[in-house]
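So the chains spell out like this:
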Amino acid sequence: MSENPDLGSDINYCIQFPVNVENSLNEFCILIIELNQSLESIWANIYHRTQDEIKSFTNNQVYRHQLITNLSNESLNENIGHYSRFVATKKIKPAEAYRLKAYNKAGILGV
C-alpha cells in the first residue's frame, strides 16, 4: 500500500485502529475502485484469487443484496447491533455508532 494514496476517489474512509486485538495487529488492504469505469474494467483490475472467491460465493451461496439509505433510528440501531455481534465473533473493531449516526443524518450512509 502506498504511503501517499490517491484520495481522489468518490468515497474515502481511512482509519487506523491503534489498539491490538488479542495482542495482534494484522496488515490489511482496502480496495478503492473508481466506480465510473466499466464493469469489465473493474473486474479486470481485481486480483484473480479475489475474483475466484467472489465467483465461488455468488455461485454457491443463496444471497440477496439491497442498498438502503436514510434509515430510521430504530433500523440503524438494529443494524449496529447485528454488526456488533458479528465483530465480537471475529474479534475485530466494533462499529462506531456515533459516526454511523452522523453519516445517516447527513444522508450519506447506506447499508
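In this report, the structure presented in the accompanying data block is examined. Residue numbers here run from 1 along each chain, matching the order of that chain's written sequence. Whole-chain, interface and lining totals are the exception, using all residues; otherwise, since this is a predicted model, local features are given only for residues with pLDDT of at least 70 and side-chain atom pairs are given and counted only at 80 or more. Side-chain figures throughout are based on the complete set of non-hydrogen atoms in the structure, without hydrogens or water.

1. Quick look at the side chain of Q51
Filter applied, for reference: Only DSSP runs of H or I covering at least 4 residues are called helices, and only runs of E covering at least 2 are called strands; the numbering of each starts at the N terminus. Here the term buried applies to any residue with accessible area under 20% of the maximum for its type, exposed to any over 50%, and partly exposed to those in between, with areas from a 1.4 Å probe on protein chains only. Any pair of residues with heavy atoms lying within 4.5 Å of one another is described as a contacting pair.
Take Q51: it is sitting in helix α2 (residues 48-60). Owing to a relative accessible area of 12%, Q51 belongs among the buried residues under this scheme. The residues touching Q51, leaving out its near neighbours within four places in the chain, are W43, A44 and I46.

2. Things to note about the side chain of E96
Going by this rule: Definition of a polar contact: a pair of N or O atoms within 3.5 Å, with one able to donate and the other able to accept a hydrogen when the atoms are protein atoms, and with sequence-neighbouring residues admitted only if both atoms are side-chain atoms.
Position of E96 relative to the elements: it lies in the loop between α3 (73-90) and α4 (97-106). Residue classification places E96 among the buried positions, given a relative accessible area of 17%. Polar side-chain contacts of E96 include one of 2.7 Å to the side chain of K93.

3. Points about the packing of aromatic side chains
We count it as follows: Any pair of Phe, Tyr and Trp rings, taking the six-membered ring for Trp, is counted once the centres come within 6.5 Å. Such a pair is stacked with planes under 30 degrees apart, edge-to-face with planes over 60 apart, and tilted for the rest.
Applying the stated criterion across every chain yields a total of one aromatic pair. Plain terms: the ring middles of Y83 and F86 are 6.1 Å apart, the flat faces sit at 45° to each other, and that makes the pair tilted. Note that Y83 and F86 are positioned in helix α3 at a spacing of three residues, about one turn of the helix. The exposure class of F86 is partly exposed, given its relative accessible area of 42%.

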